[in-house]
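Here is what each chain is made of, one letter per residue.
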Protein chains: 2
Amino acid sequence: MTTVSSLEALIEALRCLPGIGPKSAQRMAYHLMQRDRPGAQNLADALQRALLALRHCQRCNTLTESELCERCASSRRDPSLLCIVETPVDMNMMEQTQAYSGLYYVLMGRVSPLDGVGPRELRLERLLARVCDGIVKEVILATNFTNEGEVTAHYLTEMLKSRAIRVSRIARGVPVGGELEFVDAGTLAQALRERRALSE
Amino acid sequence: MTTVSSLEALIEALRCLPGIGPKSAQRMAYHLMQRDRPGAQNLADALQRALLALRHCQRCNTLTESELCERCASSRRDPSLLCIVETPVDMNMMEQTQAYSGLYYVLMGRVSPLDGVGPRELRLERLLARVCDGIVKEVILATNFTNEGEVTAHYLTEMLKSRAIRVSRIARGVPVGGELEFVDAGTLAQALRERRALSE
């Protein structure tokens, strides 16, 4: 099959994309080569540029093109608040709430012993150095409410316990607009346990 | 957002892949830049190589790196049989049956008026020239049994009607290993209509 080797190599290369199996990779390769060569060229260029340009922000660990990302470099953010998220996508979600004006630290993962990801792989010593800059007063844990996210939050809580820093966790509960009928029992139980007093 | 422009450009570029929306593109971009830079480099290279190397086979229209694809160049195939398929993937499926030793013509699409794909866009005049080489005796229509595939088969039948060439269509019916209980009524009706005589 030497005559189609570059096509086969492309199909194989596409499988590095998360969630893409052999069938999808094949479909994508044929689509690109048959219907969207400009798109394929654009993708090749974008990959190359991103590989050359992107590195980690020295302070918050997110992907950026400069030493410090835009947010860490901004003077408008409250440096006493540090929100810890798993991924840059989560950071974007937090930003979209427009309810947070502090800084971030992006773990770029989560503690997941089954996948061989522990505190060392996440380089949590960097986070610790970041938290102990003398300016951060509160760390807000905004890891996911998955098993791994919860384990990560628990680990971080333990790690930060002895430091003179307040550690908080974003609230669990019934989603805004949610109907009790369609909320799972675990969420509802948490919403009950973590109920807020409205009047004494 | 100038500081993350190459990341945003990559997310946008990934959306040229079929079935990939903004959320998936974002996830893919972060995955590549955070977890799989070698994979990203490999993908960029593979795209570039495929773009440079791949063109259409002069005889069967599939993607290849030479003038003629391996199959068209082979002397072991029966040149009197020509199987018409929609895509190179379909051609591969036919090959996997090991039940066909003729040649192929790959439409690289299907007649689909709603998508603005007609005989001209499929360049069916090339197919016609291919069929009328004086060697092809039978054309086997192996387009999909979707609406578009059936329209394409119908169109090709009409186009080839006045030529002294036999035109056939692969059979519809109950899949091998299929149970009547789980076959849809349309398929079963076709299987009944196109029943084969086992004895006179």
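The structure displayed is predicted, hence computed values, not measured ones.

### Overview of the pattern of salt bridges
All names here are of chain A.
Then step 1. Scanning all chains against the criterion turns up 20 salt bridges over all chains.
Then step 2. A salt bridge links Arg172 to Glu150; the nearest nitrogen and oxygen atoms lie 2.9 Å apart. Of this pair, Arg172 sits in the loop between strand 6 (166-169) and helix 8 (185-193) while Glu150 is found in helix 7 (residues 147-160), placing the two residues 22 residues apart along the sequence.
Then step 3. Judged by its relative accessible area of 30%, Arg172 falls in the partly exposed class.
Then step 4. Three or more residues are tied together by salt bridges with common partners; here these are Glu150, Arg169, Arg172 and Glu194.

### A short note on the packing of aromatic side chains
All names here are of chain A.
Then step 1. Throughout the structure, instances matching the rule amount to two aromatic pairs over all chains.
Then step 2. Ring plane angle 65° and centroid distance 5.2 Å describe the contact between Tyr100 and Tyr104, whose orientation is recorded as edge-to-face. In terms of burial, Tyr100 and Tyr104 fall into one category: buried.
Then step 3. Between Arg169 and the ring centre of Phe145, over which it is positioned, the NZ or CZ distance is 4.1 Å.

### Remarks on the pairing of strand 6 (residues 166-169) of chain B
Then step 1. Bridge count for strand 5 (residues 138-141) of chain B against strand 6 of chain B is four bridges, and the pairing is parallel. Note on strand 6 of chain B: the bridge partner recorded for Glu138 of chain B is Arg166 of chain B.

### Notes on the sheet that holds strand 3 (residues 78-85) of chain A
As a general point, the strands of a sheet are linked pairwise by backbone hydrogen bonds and lie either parallel or antiparallel.
All names here are of chain A.
Then step 1. Judged by pairing direction, the sheet is parallel, and its four strands sit side by side in the order 4-3-5-6 without closing on themselves. The open sheet has two free edges, formed respectively by strand 4 (102-106) and strand 6, since each of these has just one partner strand. Across the sheet, the mean angle separating the axes of adjacent strands is 25° when strand polarity is ignored.
Then step 2. Where strand 3 lies against strand 5 (residues 138-141), four bridges are found, and the strand directions are parallel. Residue pairing for strand 5: Leu81 is matched across the bridge by Glu138.

The rules behind each value
- Residues numbered from 1 in each chain as written.
- Chains lettered and ligands numbered in written order.
- Predicted model: local features only at pLDDT ≥ 70, side-chain atom pairs only at ≥ 80, totals over all residues.
- Heavy atoms only, no water.
- Salt bridge = Lys/Arg side-chain N within 4 Å of Asp/Glu carboxyl O.
- Helix = DSSP H or I, 4+ residues; strand = E, 2+ residues; numbered from the N terminus.
- Buried < 20%, exposed > 50% of the residue type's maximum accessible area, 1.4 Å probe, protein only.
- Phe/Tyr/Trp six-rings, centres within 6.5 Å; stacked < 30°, edge-to-face > 60°.
- Lys NZ or Arg CZ within 6 Å of the ring centre and 35° of its normal.
- Pairing = 2+ DSSP bridges.
- Axes fitted to C-alpha atoms, helices over the stretch in contact; angles between N-to-C directions.

Purely geometric stuff here, so don't read any function into it on its own.
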